[in-house]
Each structure stands twice: as structure tokens, then as C-alpha cells.
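# Summary of the model geometry
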Amino acid sequence: MTTSLDPEMFDPACPSSAMPIRIGDKWAGLIICCLEDGPRRFTEIQVPLRGVTAKVLAQTLRGMERDGMITRTAYPEIPPRVVYELTDLGRTLLEPIAACREWAKEHLPTILAAREEWEKAAAAA
């Protein structure tokens, strides 16, 4: 038998509630990968992220900038040019993201098989 969960384990005052990169955040990790080799413009980042809308990408970039993961530099040119770049703090996430990508690569066949089994069971129910 397991022990009861602590009702305060996700206390709003806990530092984990301020985590800037959440496991379920679909775009932040991918944006970090896009910026690994240097600064990029919005449209450059958007290309490999085919499923992201401009609005969601802008919101994610803004949140990452707020959390100190990236910098946004606007150049006073006509037309305006804006580039995004990883900060030193943002670069610290490259190694954990690489580990997650390696884990996913190793376990993808198992995950896909589990999904297929689940779909079959759901269809039969």
C-alpha cells in the first residue's frame, strides 16, 4: 500500500510552480533546439515548427524572454529586423534536451506499440 499524497506537494509558494520550461510545453524545447547554432529571425524559427501559429510562437518567445532563456534584439532598420538568441541560461538546457531526445529516440518503438495497443483496446470497448 502506498502512502497518501501530501496535499501541499504543489504549494503555489513552491519554486517548482515558477518553472519556466515545463515538460508539457510543446514549443519551448523545440525553440531552444532551433536556436542552438545561433541567432534566428522569427520566420526562420517558424519554418521547422510547422504546426505552430504565429500567435503561439510569439507568446512562447515572449515567455522565454521573460524567463531569461532567450534575448530579443530589434535592429533599427527598414524593414525592421528582430533576432532571437539563447542566453547562457538558455544554453544550459541544451544538454537535458539532448538527453530527452536520445531517450525518445531509444523508446519510440515501444511508445508507438503501446499507443497502437491502446487504440485497439479502445476501439474494441
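For the structure, see preceding data.
Cut-offs used in this document
In this convention, every chain numbers its residues from 1, walking through the sequence in written order. With pLDDT at 70 or above as the cut-off, local features in this predicted model cover only qualifying residues; side-chain atom pairs require 80 or more to be listed or tallied, and sums for whole chains, interfaces and linings still use all residues. Hydrogens and waters are ignored; side-chain quantities use all the structure's heavy atoms. Throughout this description, the term salt bridge denotes a Lys or Arg side-chain nitrogen within 4 Å of a carboxyl oxygen of Asp or Glu. Relative accessibility under 20% of the residue-type maximum defines a buried residue, over 50% an exposed one, and the middle range a partly exposed one, all with a 1.4 Å probe and only protein chains included. Every helix listed is a DSSP run of H or I at least four residues long, and every strand listed is a run of E at least two residues long, numbered separately from the N terminus. Whenever two N or O atoms come within 3.5 Å, that pair is a polar contact, provided that in protein one can donate a hydrogen and the other can accept it, and provided that, for residues adjacent in sequence, both atoms are side-chain atoms. Throughout, a residue-residue contact means that at least one pair of heavy atoms, one from each residue, lies within 4.5 Å. One requirement defines pairing of two strands: DSSP has to find at least two bridges between them.

### Description of the pattern of salt bridges
For side chains of opposite charge, pairing can occur when their charged atoms come near one another. For the structure shown, the criterion picks out 5 salt bridges. A salt bridge links R81 to E77; the shortest N-O distance between them is 3.1 Å. Residue R81 is classed as partly exposed on the basis of its relative accessible area of 26%. The partner of K120 in a salt bridge is E116, and the shortest N-O contact between them spans 3.6 Å.

### A closer look at the side chain of T87
Summarising the element assignment, T87 is placed in the loop between β3 (81-86) and α4 (88-91). For T87, the side chain forms a polar contact with the main-chain oxygen of G68, separated by 2.6 Å. Among the polar contacts made by the side chain of T87, one reaches the main-chain amide nitrogen of G90 at a distance of 3.0 Å. Leaving out residues up to four positions away in the same chain, T87 has contacts with G68, M69, I70 and T71.

### Things to note about the pairing of strand β2 (residues 70-75)
Note that β2 and β3 share 6 bridges and pair antiparallel. Residue R72 lies in a different strand from β3, and its bridge partner there is Y84. Joining the antiparallel neighbours β2 and β3 is a turn of 5 residues.

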